[in-house]
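# Residue-level structural notes
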Amino acid sequence: MIVLGIESSCDETAAAVVSDDREILGEVVLSQEEHKKFGGVVPEVAARAHLEHIDEIIELTLKKAGVKPQELDAIAASSGPGLIGGVVVGVMAAKALALALNKHFVAVNHLEGHALTARLTAGVTYPYLLLLVSGGHCQILVVKDVGQYERLGTTIDDAAGEAFDKVAKMLNLGYPGGPMIEKLADQGNENRFSLPHPLQNSGDLNLSFSGLKTAVRKIIESYSPDGKVEHAILPKQDVADICACFQKTATECLLIKLERAIKYFKANYPDGNDLVVAGGVAANSYLRMALERLAKNNKLTFAAPPIRYCTDNGVMIAWAGLERFQKGLTNSLNFKPRPRWPLDENAPKAAGAGGVKA
């Protein structure tokens, strides 16, 4: 069984072909450079870039895979959540191929693409505990099967990756900010500044990064003659120290809630053996090492996709599409792309208004 996956939900135009024996036959990722000068992704610019490159990306992917279009069993596309202009481009391309080739179309939730990647790259089995952490999303979930998720906690404001990017912007580190913060943090003193751990004692597993971001802002403002971030003048070492302290504290915020989530997971899913991290922030080596220690201390196996598959890519969409196709979960060509699409939309909520009680 062979599936083509198309990803265009943000600023990567990507496609990949995977098979049911967990082989990646071919893949192409085109990262849009146009957004760097704006300090963030501009939806209209992203959509136009997707439209300009989608056909050649698909063609090159099939060529790399050595697969003829007629040999495909299904075409999958990231169909939300995401920037709707880009999502529409990928979905329409997938629908057009499905119609022309008389193949099945599979609408993939972008978050499910991230959530299932470790099953392709590490052979993880259901159920498993998942930290899904990216620029737009931050959730703790139990992955029970394809399309079956129990959300234990989520961010009530900024996602972790969003906080990384905003702190990087305040420090004039450029976009994307996460990799720059990680690089500078290696040179910094992570204990120099004391930063808050929002919702540490909230009684649930929800997360918050807005207060942490604000605390960093106040530190940066202290270096400004007029109290404005944009006029702050920071020595290089101080920038590195701020990065290190922010990275450490953000990681600790995640670990505090995950420690509690693991207790719930082990009590309610005794057959589960894995702690998985996925999403763009999962590429952060500091976080990965901390999660690996956490898993080991709790007698769980830690799994994370290779760093190249943490950020948006076609492989994750192709694999999620294949898993859904194997379950008979295909979609009609009338499917409408969704700018918002909760991963646990049809799942019963865990105990407590905001998720599992800690």
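Notes on the structure in this doc start here. Counting starts from 1 at the beginning of each chain's written sequence and moves along it residue by residue. At least 70 in pLDDT is required for a residue's local features to be given in this predicted model, at least 80 for side-chain atom pairs to be given and counted, and no such filter applies to totals for whole chains, interfaces and linings, which use all residues. Based on all heavy atoms of the structure, the side-chain values leave hydrogens and waters out of the count.

## Considerations on the overall build of the protein chain
Rules: Numbering of helices and strands runs from the N terminus; a helix is a DSSP stretch of H or I covering at least four residues, while a strand is a stretch of E covering at least two. A radius of gyration in this sense is built from C-alpha atoms; the matching globule rule multiplies 2.2 Å by the number of residues raised to 0.38. Any residue under 20% of the maximum accessible area for its type is buried, any over 50% is exposed, and the rest in between are partly exposed; the area is computed with a 1.4 Å probe on protein chains only. Contact between two residues is taken to exist if any of their heavy atoms lie within 4.5 Å; hydrogens are not considered. Each accessible area is a Shrake-Rupley result for a 1.4 Å probe, and residues are judged covered by the shown protein chains and nothing else. Positive: Lys, Arg. Negative: Asp, Glu. His and the chain ends are not part of the count. Throughout, a charge is located at the NZ atom of Lys, the CZ atom of Arg, the CG atom of Asp or the CD atom of Glu.
Helix and strand counts for the protein chain stand at 9 helices and 10 strands. Computed over the C-alpha atoms, the radius of gyration of the protein chain is 21 Å, within 12% of the 21 Å expected from 2.2 N^0.38 for a compact globule of 358 residues. Counting only C-alpha atoms, the protein chain reaches 65 × 50 × 30 Å along its principal axes. Considering the protein chain as a whole, with its 358 residues, one finds that 55% of them fall into the buried category. Within the protein chain, residue pairs in contact and separated by at least 24 positions form 72% of the contacts whose partners lie at least 6 positions apart. For the protein chain, the computed accessible surface area is about 15500 Å², with 51% contributed by carbon and sulfur atoms. One finds the centroid of the 38 positive side-chain charges in the protein chain at a distance of 4 Å from the centroid of its 41 negative side-chain charges.

## A few points about empty space enclosed by the protein
The condition is simple: Points on a 1 Å grid, built from protein atoms alone, make a cavity when a 1.4 Å probe fits but cannot get out and make a pocket when they are open with protein on both sides within 12 Å along at least 5 of 7 lines; residues with an atom within 4 Å of a point are the lining residues. Grid points are joined across faces, edges and corners, and a volume is the space filled by probe spheres set on the points. Classes in brief: Ala, Val, Leu, Ile, Met, Phe, Trp, Tyr, Cys and Pro nonpolar; Asp, Glu, Lys and Arg charged; the others, Gly included, polar.
Following the criterion strictly, the structure yields 2 cavities of 30 Å³ or more and no others. Space inside the largest cavity adds up to approximately 50 Å³. Lining the largest cavity are His197, Pro198, Leu199, Gln200, Asn206, Leu207, Ser208, Cys253, Ile256 and Lys257. The residue inventory of the lining of the largest cavity, partitioned by class, reads 5 nonpolar, 4 polar and 1 charged. Looking at the second largest cavity, its volume works out to about 40 Å³. As for the second largest cavity, its lining consists of Ala160, Phe164, Phe209, Ala250, Thr251, Leu254, Val281 and Leu287. Elements with a contribution of two residues or more to the lining of the second largest cavity: helix H4 (160-170) and helix H7 (236-268). With 3 residues, the single largest contributor to the lining of the second largest cavity is H7. For the lining of the second largest cavity, a count of residues per class yields 7 nonpolar, 1 polar and no charged.

## Overview of the pattern of salt bridges
Worth spelling out the cut-off: Any carboxyl oxygen of Asp or Glu that lies within 4 Å of a side-chain nitrogen of Lys or Arg is treated as forming a salt bridge with it.
Inspection of the entire model under this criterion finds 13 salt bridges. Between Asp241 and Arg192 there is a salt bridge whose closest N-O contact spans 2.8 Å. In this pair, Asp241 sits in helix H7 while Arg192 sits in the loop between helix H5 (178-185) and helix H6 (210-221), placing the two residues 49 residues apart along the sequence. Classification of Asp241 as buried rests on a relative accessible area of 5%. For the salt bridge of Lys248 with Glu252, the shortest nitrogen-to-oxygen distance reads 3.9 Å. Of this pair, Lys248 and Glu252 both sit in helix H7, 4 residues apart, which is roughly one turn of that helix.

## What about the pairing of strand S5 (residues 104-108)?
Formally: We call a crossover right-handed when, viewed with the strands running away from us, the connection from the first strand over the helix to the second turns clockwise.
Across the 5 residues that make up S5, a large majority, 4, are buried. A crossover connection joins strand S4 (residues 74-78) to the parallel S5 through helix H2 (residues 84-101); in handedness this β-α-β unit is right-handed.

## Comments concerning the sheet that holds strand S10 (residues 301-303)
We count it as follows: Note: two strands are recorded as paired if DSSP finds a minimum of 2 bridges between them. Note on geometry: axes are lines fitted to C-alpha atoms, helical ones only across the stretch in contact, with angles between N-to-C directions running from 0 to 180 degrees.
Strand order in the open sheet formed by 5 strands is S8-S7-S6-S9-S10, with mixed pairing between adjacent strands. With one partner strand each, in any of the chains shown, strand S8 (148-154) and S10 form the two edges of the open sheet. Sheet twist, expressed as the average angle between the axes of neighbouring strands with direction ignored, equals 25°. Strand direction decides the pairing type here: strand S6 (residues 128-133) and strand S7 (residues 138-145), joined by 6 bridges, are antiparallel. For Leu130, the partnering residue across the bridge sits in S7 and is Leu141. Packing against the sheet, H7 makes contact with S6, S7, S8 and strand S9 (274-278), and its axis sits at approximately 155° to S6.

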